[in-house]
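# Examination of the molecular architecture
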Amino acid sequence: ELSALTGVPLSVPEISPVAAAIDDQRAIRLDAPTSCPRYCGRIVRGVNANVPTPEWMKRRIERSGIRSISFLVDVTNYVMLELGQPLHAFDDAELAGAVHVRLPKAGEQLLLLNEQTVTPSADTALIADDVKPLAMAGVMGGEHSGISDATRDLFLESAFFPPAAIAGKARALGFSSDASHRYERGVDFDLQRRAIERATQLIIETCG
């Protein structure tokens, strides 16, 4: 946006694919493909969750209006600001089986990262594993599968959720999020793989 407004040349980060060093995979099931036609996931093992956020990254996200929390959270926010693609990091140790994108079961509840327990509407897509819901798709992660100081293994999410699947979902529950703000306005359908590569690159350089 700044480049378009000012005429300053756009500086795009150089993103090199990170070659897999482990064979670990987690199956992904798109049980609600209309709400999520594309979902990229990656396991990153052996990270140090206590590494401080580099000062240059902390300054950039805070000047963009986002509070610095911890490096593994900050890096997902940084890539979202840099490329326009929201990302989410789950603690891989808290996941059971495959990752599903599905609609909620009747009466199903989820405790979000903002400490609000919600009962999603029937047309609200959830990220879940084989046992439990993990996040409101494209809106906010759940408290019990989020990153903590004890996290050693990550499951990184980079997905495409169409505007119609996200629009109004957070506001109906009385809050908003940076991810929903972007998804309901439209995210580039071709950006997910580049964003997950960029986040992996920064994580490996900094904490694992």
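Look above for the structure.
Here's a quick rundown of the structure. (Residues numbered from 1 in each chain as written. Predicted model: local features only at pLDDT ≥ 70, side-chain atom pairs only at ≥ 80, totals over all residues. Heavy atoms only, no water.)

Counting residues in each nonpolar core, the largest one holds 29 residues, and the members touching the most others are Tyr39, Phe90, Ile127 and Phe161. In terms of residues, this core owes the most to one element, strand β8 (residues 133-136), which gives three residues. For Phe161, the residues in contact, after removing those within four places along its chain, are Ser35, Cys36, Val101, Ile127, Ala137, Gly138, Ile166 and Tyr183. Membership of the second largest hydrophobic core comes to 26 residues, among which are Phe71, Val75, Met80 and Ala89. (Core = buried A, V, L, I, M, F, W, Y, C linked by side-chain atoms within 4.5 Å. Buried < 20%, exposed > 50% of the residue type's maximum accessible area, 1.4 Å probe, protein only. Helix = DSSP H or I, 4+ residues; strand = E, 2+ residues; numbered from the N terminus. Contact = heavy atoms within 4.5 Å.)

Before going further, it helps to spend a moment on the pattern of salt bridges. According to the stated counting rule, one finds 13 salt bridges in the structure shown. Measuring nitrogen to oxygen at the nearest pair gives 3.0 Å for the salt bridge that ties Asp92 to Arg26. With Asp92 in the loop between β3 (88-91) and β4 (99-102) and Arg26 in the loop between α1 (2-6) and β1 (28-30), this pair connects stretches of sequence that are 66 residues apart. Overall, the relative accessible area of 4% leaves Asp92 in the buried class. Between Arg42 and Glu197 there is a salt bridge; the shortest N-O distance is 3.0 Å. Here Arg42, found in strand β2 (residues 38-45), pairs with Glu197, found in helix α7 (residues 192-207); they are 155 residues apart in sequence, far enough to count as distant. (Salt bridge = Lys/Arg side-chain N within 4 Å of Asp/Glu carboxyl O.)

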